[in-house]
Amino acid sequence: MLADTDSQQGIFVRSLAFTGVNFWLGGTVGTLTASDPCSVMISESENGTALIAVSDPMRMRTSLTLTRRRPVAAVTPAPGTLASAATGSTLTLTFGDLTGTSGAPQQVAVRLG
């Protein structure tokens, strides 16, 4: 368990290389920092890639920034809601307006560094 508080709940399942975090408020859990409430799921593959899914179940975010302290070499396919992505020793994803996504996950594929 990564977190189990009133503000965040998160798990890491090593055998699946899976991280899941619900940010009820913005904050930090493990290597993830979210600017605002959101749900985040990350699945890493043995081939050196990861899929990051970010959603706004409240359907209220007009912007959202997610930072992961993990080296990332490149962002490959990304949704149109992704306004910017900074790679390197830390990955920073900035999403624009998520209110029109009906809470659907916004999937970003990355090549780990």
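Our structure is the block above this text.
Quick look at the structure, then.

How each quantity is defined
- Residues numbered from 1 in each chain as written.
- Predicted model: local features only at pLDDT ≥ 70, side-chain atom pairs only at ≥ 80, totals over all residues.
- Heavy atoms only, no water.
- Helix = DSSP H or I, 4+ residues; strand = E, 2+ residues; numbered from the N terminus.
- Pairing = 2+ DSSP bridges.
- Core = buried A, V, L, I, M, F, W, Y, C linked by side-chain atoms within 4.5 Å.
- Buried < 20%, exposed > 50% of the residue type's maximum accessible area, 1.4 Å probe, protein only.

Let's shift gears to unusual backbone geometry. Even without being glycine, Ala 17 reaches a positive phi, approximately 50°. Relative to the helices and strands, Ala 17 resides in the loop between β2 (8–13) and β3 (18–23). Even without being glycine, Ser 102 reaches a positive phi, approximately 55°. Note on placement: Ser 102 falls in the loop between β11 (91–95) and β12 (106–112).

Two orientations exist for strands paired in a sheet by backbone hydrogen bonds: parallel and antiparallel. Read from one edge of the open sheet, seven strands run β1-β2-β3-β6-β7-β12-β9, paired in antiparallel fashion. Looking at strand neighbours, the two that pair on one side only are β1 (3–4) and β9 (72–75), the edges of this open sheet. Two elements, strand β7 (residues 49–55) and β12, share six bridges in a ladder whose sense is antiparallel. Across the sheet, Ala 53 pairs through a bridge with Gln 107, a residue of β12.

Of all hydrophobic cores here, the largest spans 23 residues; its most connected members are Phe 23, Val 40, Ile 52, Val 54, Phe 95 and Val 110. Elements represented by at least two residues in this core include exactly β3, β5 (32–34), β6 (38–44), β7, β8 (64–68), β11 and β12.

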